[in-house]
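Results of the structural survey
Chain by chain, the residues run as shown.
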Amino acid sequence: MTRIAIIGATSGIAEHCARLWAGRGHDLTLVGRDTARLDAVADDLKVRSPVSAIDTLVASDFLDPQAVDMIVGALCAERPVDIALIAHGTLPDQQACQNDGALAADTMLVNGVSPALFAEAFARHMVPVDRGTIAIIGSVAGDRGRKANYVYGAAKGLVDRYAQGMQHRLANTNVRVVLAKPGPTATAMTAALQTKGQRMASPADVAKRIVAAIDRGSPVVYAPALWAVIMAVVRLLPRPIFHKLNI
Amino acid sequence: MELSGWGRYPRVDAQVAFPTDATACARAVTASQTIARGLGRAYGDSALADDVVAMCGLDRFHAFDTETGLLSCDAGVSLDEILTLLVPRGWFLPVTPGTRFVTVGGAIASDVHGKNHHVDGTFGDHVVAIDLLLGNGEVVRIGPDAQPDLFHATCGGMGLTGMILSATIRMRKIRSSLIRETTVKARDLDAILAAFETHGSATYSAAWIDCLARGKSLGRSLLMLGEHADEGPLAPRTKPPRAVPFDMPSGLLNRATGKAFNALFYARGPSTVRTRTIPYEPHFHPLDGLAEWNRLYGRQGFVQYQFVLPSAEGLRRILETIAMSGQGAFLAVLKKFGRANRNLLSFPTEGYTLALDFKAAPAVFALLDLLDRAVLDLGGRIYLAKDARMSEAMFKASYPNWQAFQEVRARHHAIGRFASHQSKRLGLS
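The rules behind each value
Residues numbered from 1 in each chain as written. Chains lettered and ligands numbered in written order. Predicted model: local features only at pLDDT ≥ 70, side-chain atom pairs only at ≥ 80, totals over all residues. Heavy atoms only, no water. Pairing = 2+ DSSP bridges. Helix = DSSP H or I, 4+ residues; strand = E, 2+ residues; numbered from the N terminus. Axes fitted to C-alpha atoms, helices over the stretch in contact; angles between N-to-C directions. Phe/Tyr/Trp six-rings, centres within 6.5 Å; stacked < 30°, edge-to-face > 60°. Buried < 20%, exposed > 50% of the residue type's maximum accessible area, 1.4 Å probe, protein only. Lys NZ or Arg CZ within 6 Å of the ring centre and 35° of its normal. Core = buried A, V, L, I, M, F, W, Y, C linked by side-chain atoms within 4.5 Å. Domains from an automatic or database assignment.

Okay, the sheet that holds strand 11 (residues 163-170) of chain B next. All names here are of chain B. Across the sheet, five strands lie side by side as 6-7-11-9-10; this open sheet has antiparallel pairing. Two strands bound the open sheet, and with one partner strand each, they are strand 6 (61-64) and strand 10 (139-142). On average, each strand axis in the sheet is tilted by 10° relative to the strand beside it, whichever way the strands run. The sheet contact formed by strand 6 and strand 7 (residues 70-74) spans three bridges and is antiparallel. Among the inter-strand pairings, Ala-63 is bridged to a residue of strand 7, identified as Ser-72.

Throughout the structure, instances matching the rule amount to 15 aromatic pairs over all chains. Where Phe337(B) meets Phe347(B), the ring centres are 5.8 Å apart and the plane angle is 80°; that geometry is what we call edge-to-face. Within this pair, whereas Phe337(B) is found in strand 20 (residues 331-337), its partner Phe347(B) is found in the loop between strand 20 and strand 21 (351-359), the two being separated by 10 residues in sequence. For the residue pair Phe337(B) and Phe347(B), the accessibility class agrees, reading buried in each case. Using a relative accessible area of 1% as the deciding quantity, one classes Phe347(B) as buried. Put simply, the rings of Trp6(B), Tyr43(B), Trp293(B), Tyr297(B) and Phe302(B) pair up and form one aromatic cluster. The ring of Phe242(A) has Arg144(A) sitting right over it, with the charged end atom 3.8 Å from the ring centre. Lying over the aromatic face of Trp6(B), Arg41(B) brings its terminal NZ or CZ to 3.7 Å of the ring centre.

Turning our attention to the environment of Lys208(A). In this fold, Lys208(A) is placed in helix 8 (residues 203-216). In the structure, Lys208(A) is positioned 146 residues away from Phe62(A) in sequence and 26 Å away in space, judged by C-alpha atoms.

Of all hydrophobic cores here, the largest spans 110 residues; its most connected members are Ile82(B), Ile130(B) and Phe358(B). In terms of residue count, helix 10 (residues 362-377) of chain B provides more of this core than any other element does, seven residues in total. Among the domains, domain 1 (36-174 + 400-425) and domain 2 (178-388) of chain B are the pair contributing at least three residues each to this core. If you look at the next biggest cluster of nonpolar residues, it comprises 32 residues, including Ala135(A), Val178(A), Val211(A) and Ala213(A).

A few words on the pairing of strand 9 (residues 127-133) of chain B. Each regular strand carries side chains that alternate between the two faces of the sheet. Residues and elements named next belong to chain B. Counting buried residues along strand 9, six of its seven residues qualify, which places the element largely inside the surrounding structure. Pairing of strand 9 with strand 11 involves six bridges; the strand directions are antiparallel. Residue pairing in the sheet places Ala-129 in a bridge with Thr-168 of strand 11. In this structure, strand 9 lies alongside strand 10, joined through four bridges in antiparallel fashion.

Any functional reading would require information that these geometric values do not contain.
Printed below as a string of structure tokens:
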């Protein structure tokens, strides 16, 4: 039986990945900060897959390295984790981050440092048994700094480099590191942007692509696929042109 | 953003909130006057307002009891998701409308009916409990025995009593996902009315009626009867629907193409009676096989006119008026309803209901005003979930419980908090 641990399991994309895995009858341990929301996700998955073992783990601190080690240690204690999905994150307003150093720091820690700590902690358990997949939710925002969201983007860029380094290091092992880069997706995190009328991908479609990439062990997956093309263009735009764009 | 109902008429600009849990719903409700919206399958302006709350983010199941068949889930869960999940386990919806792409919240708010209304009643008749967010931010659990006044106003209440957050419904046990479907050919109106009587004990029954046929053939129909098969697989839906790729030219569906289609449709029916065993989707949801079929009517959109009459008496008169008018509608669904329930604004009442589409055009609206008067004279009324244009006077004359409904709303903090363009048009302020 495949065993999956999800960090930030109440995030919209993570929840839809969990539904797909539950549909296959896999066992899931959901980690999050809010007991009530975590239970709501777990109850839903239990209805969807009565054969799956669905557990929850409430953790309050995702930033402290020791706390992260303890969470991952607890997850890997009884039997190995086959897939670890690291999906937590926040998306504060960019302008607010520019005006509030504490918010900016928190944004970078939660979206950048914390996922990297989790990924490394899982690697410490997976490398000795030489199996497992570590999947991290990055973002297209991490591909090039933009005025609209560079604080969040910088953190996601950190995740990108970190995953790249781990992939290099683990290339000759059976441990896989998958970096998913969703475009704007219709989840709770983007509710305010949806109200402004911004077009979003459905979390179900994004999750389907991420789960397929994890099946294959692809190093990087954009979701929806079109974002691979869009971001290739955005990355390659010469600076003088890029600076004229209002994106 | 621009929003419309399934008929794509009218189109309005709306501010839309996208909550994913009850807390966010409460924030949206206390911030402004709103209406909840599910999958947008109400045809007209039932789920349109300046401020709309999109409920599809509340899509979690809560519990399913395999002993009792009681299913609890969020209001934004669709009937499609329920069928996909539970048909393989041997459970079916107690009532399904002609599309499975509606939410549980929408099904309750419109108190939808299906082909089994004459034996099983409406969707609301199988709802055991509703968690309702009131206009003052409070959440109450209501049911047939818990605040029944509020429950019977909420089932069929078009989202105007509060925001339905979640519900518990009683599912129906099945042995197979197949339907034993019998088609009976009826050459005119008398024949189809007689067929409804003859087959009154069938679990599912509804007829396709040719609205272009006149004179001797007036009312010619195919009556489809259905029973859950006793044997066969419990198979989930497999085929993804094909989609209409773009807005069709609005002249595509005209009298000539309609006549050709109807002749073919009727001719392809059995000579008298035919029985076959088919998957449940084509029996219950034939149009769901064609995603975005509303684009067939072109960009100007269409209105669906569905009324119920207490007796077959007036049916002939209305069919004649429609056939003579030469307006759009060529194929319609005719069904015999069972008794009405206690829900204050629920549509079904004992008698015959006919549903037909019209292109949204000035001449059509004039015709529908004419039909309204006939329906009212004959003691009938129009289905709110389909309506985009009925007058306040017509509504208040044909839904005599509207005042009791308003009293319940007043008692439970709904007035001024929940409103749609439809409720304003109908004078339910």
